[in-house]
Amino acid sequence: MTDVTGAPADVLHTLFHSEQGGHEQVVLCQDRASGLKAVIAIHSTALGPALGGTRFYPYVSEEEAVADALNLARGMSYKNAMAGLDHGGGKAVIIGDPEQIKSEELLLAYGRFVASLGGRYVTACDVGTYVADMDVVARECRWTTGRSPENGGAGDSSVLTAFGVFQGMRASAQHLWGDPTLRGRKVGVAGVGKVGHHLVEHLLSDGAEVVITDVREESVRRITEKHPGIAVAADTGALIRTEGLDIYAPCALGGALNDDSIPVLTAKVVCGAANNQLAHPGVEKDLADRSILYAPDYVVNAGGVIQVADELHGFDFDRCRAKASKIFDTTLAIFARAKDDGIPPAAAADRIAEQRMAEARRR
C-alpha cells in the first residue's frame, strides 16, 4: 500500500504518527550515473546540527533502508544528548553492497547531497564505510568527519568507541558486583571487527576471560593469532549459551536482544557496541524480569561520536579520551535513576536524554 506520493504507507505512518517518528526531515537521494541510492534522516536539531554516520549496506528493500535510517537517526539524537554533545541526531544509509558498487563517483555524489543540506547534517563512518571513504566525501562536503589525519581528520573512531564500551562494562561491574574491574569475569564478544577487536584488547588487559565469535573467519583469526589461547564460540547462539558467562557484548548489527536470545542468555550483564540492540519495545523489561543488567547501547558506544564531534573543532585525542572516560559515570547515573524510578535502565536513559532535548527546545 502506498499513499499519493508513492511512498509506502507504513513509512509515512512511522514518520508522522508513531512514537518512533517525529523526524524533522528525510531526504531520498539518487544519482543514476554512479548508482547511488541513499536516505538521509534528520531526527532532531534541538541540540545542534544532526550528527551521525553513513551506513553502506545491501538492504533487501528500499523500505527496509528507510526504516533503518529512521531508527538509527532517532538513536543518534539520544546518543548525542547522553554524550553531552551539542548535536542532534541524524543518519544516512546508502543502499547496495559496498563490495560491489562503492566507487569514487558514488561517494562524491553522496557528498554533494550531504552538502546540499547546508550543515543541518554532519556525516561520518558507519558499517560499510571507512576513513578513506570520508576523505572522498569530504572533497564535496565540508560537513564530513571521520577523515584521515593526513586530511585533517581524527582517523578511526572505533578506538574510542571500544574504550567507551569498556567504561560502560566497568560501570556495570561496579553497580552489580561492587568493583569496577573485569578481572576474573567471563565476557562474550559477538563481532570482533572494527570495534570488537579493540574491546577484546581492553578486556584481556584488565584480566577478563574472553570468548569471541564472528561471521567473518578473518576477524576471528586476527585475534586468535595474537592470542592463541582465547576461546571461540561457533556462533552467537552458542556464545550466549556459554556456561558461566558474566557479560555479553553484542558488537555487530542490531536486534541482538530479542524474544529468542533473551530466554537462553546466561550472562548477568549486557554491554556492547552494536546500535539498536533491543529488537522491539518491551525487550528491556524482559531483560529486567530475568535480572539481566542492560547498559544502554547508545550510551556506552558513544566514544566514536565523541571523537568525530571533536574533529569539527580541531581534534585532540587526549581531550576525547577524557570525555569518553565519563561514560563510566554516565552509565552509573543511569543505573541509579533506573533504581530510583523503578524502571529499566534503557527507559531511564531515554528520560535523561529527552529531558536535555526538551530543555534545549525551550531556550
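What counts, and at which threshold
Residues numbered from 1 in each chain as written. Predicted model: local features only at pLDDT ≥ 70, side-chain atom pairs only at ≥ 80, totals over all residues. Heavy atoms only, no water. Salt bridge = Lys/Arg side-chain N within 4 Å of Asp/Glu carboxyl O. Helix = DSSP H or I, 4+ residues; strand = E, 2+ residues; numbered from the N terminus. Buried < 20%, exposed > 50% of the residue type's maximum accessible area, 1.4 Å probe, protein only. Axes fitted to C-alpha atoms, helices over the stretch in contact; angles between N-to-C directions. Parallel < 35°, antiparallel > 145°, perpendicular 65-115°, else oblique. Left-handed = near helix turned anticlockwise from the far one by under 90°. Contact = heavy atoms within 4.5 Å. Nonpolar A, V, L, I, M, F, W, Y, C, P; charged D, E, K, R; others polar. Pairing = 2+ DSSP bridges. Core = buried A, V, L, I, M, F, W, Y, C linked by side-chain atoms within 4.5 Å.

Caption draft 1: Layout of the pattern of salt bridges. Enumeration according to the criterion identifies 20 salt bridges in this entry. The residue Arg-185 makes a salt bridge to Asp-246 at a minimum N-O spacing of 4.0 Å. Taken together, the positions of Arg-185 in the loop between helix H6 (158-177) and strand S7 (186-190) and Asp-246 in the loop between helix H9 (236-240) and strand S10 (247-250) put the pair 61 residues apart, joining distant regions of the chain. Using a relative accessible area of 23% as the deciding quantity, one classes Arg-185 as partly exposed.

Caption draft 2: Looking closely at the packing of H6 against helix H14 (residues 327-341). Direction vectors running N to C along H6 and H14 enclose 40°, while the axes themselves pass 8 Å from each other. Classified by the angle their axes make, H6 and H14 are oblique. Handedness of the H6/H14 crossing: right-handed. Taking contact as the criterion, the partners of Gly-164, Gln-167, Gly-168, Arg-170, Ala-171, Ser-172, Gln-174 and His-175 in H6 are, on H14, Ile-327, Phe-328, Thr-331, Leu-332 and Phe-335. A breakdown of the residues in the contact of H6 with H14 according to their chemical character gives five nonpolar, seven polar and one charged.

Caption draft 3: Representation of the side chain of Ser-157 in the model. Mapped onto the secondary structure, Ser-157 falls in the loop between helix H5 (131-137) and H6. With residues up to four places along the chain from it excluded, the contact list for Ser-157 reads Gly-304, Gln-307 and Val-308.

Caption draft 4: Quick look at the side chain of Ser-148. For Ser-148, the location among the structural elements is in the loop between H5 and H6. Relative accessible area serves as the criterion here: at 7%, Ser-148 is assigned to the buried category. Residues in contact with Ser-148, not counting those within four places in the same chain, are Val-131, Asp-135, Gly-153 and Gly-155.

Caption draft 5: Structural detail: the sheet that holds strand S12 (residues 293-294). Spatial ordering of the open sheet is given by S9-S8-S7-S10-S11-S12, a layout of six strands whose pairing is parallel. Each edge of the open sheet is held by one strand with a lone partner, namely strand S9 (231-232) and S12. Sheet topology places S10 next to strand S11 (residues 269-270); two bridges connect them, and they run parallel. Residue pairing across strands places Ile-247 opposite Val-269, the latter belonging to S11. With respect to the sheet, helix H7 (residues 196-205) is in contact with S7, strand S8 (209-213) and S10, its orientation differing from that of S7 by roughly 170°.

Caption draft 6: Fine view of the nonpolar core. The biggest cluster of nonpolar side chains holds 61 residues, and the ones touching the most others in it are Tyr-110, Met-169, Val-189, Leu-199 and Leu-203. Among the elements that take part in this core, helix H4 (residues 104-115) stands out by supplying six residues, more than any other. In contact with Leu-199, other than residues within four places in its own chain, are Ala-162, Val-165, Phe-166, Met-169, Val-189, Ala-249 and Cys-251. Of all hydrophobic cores here, the second largest spans 18 residues; its members include Ala-233, Ala-256, Ala-267 and Val-270.

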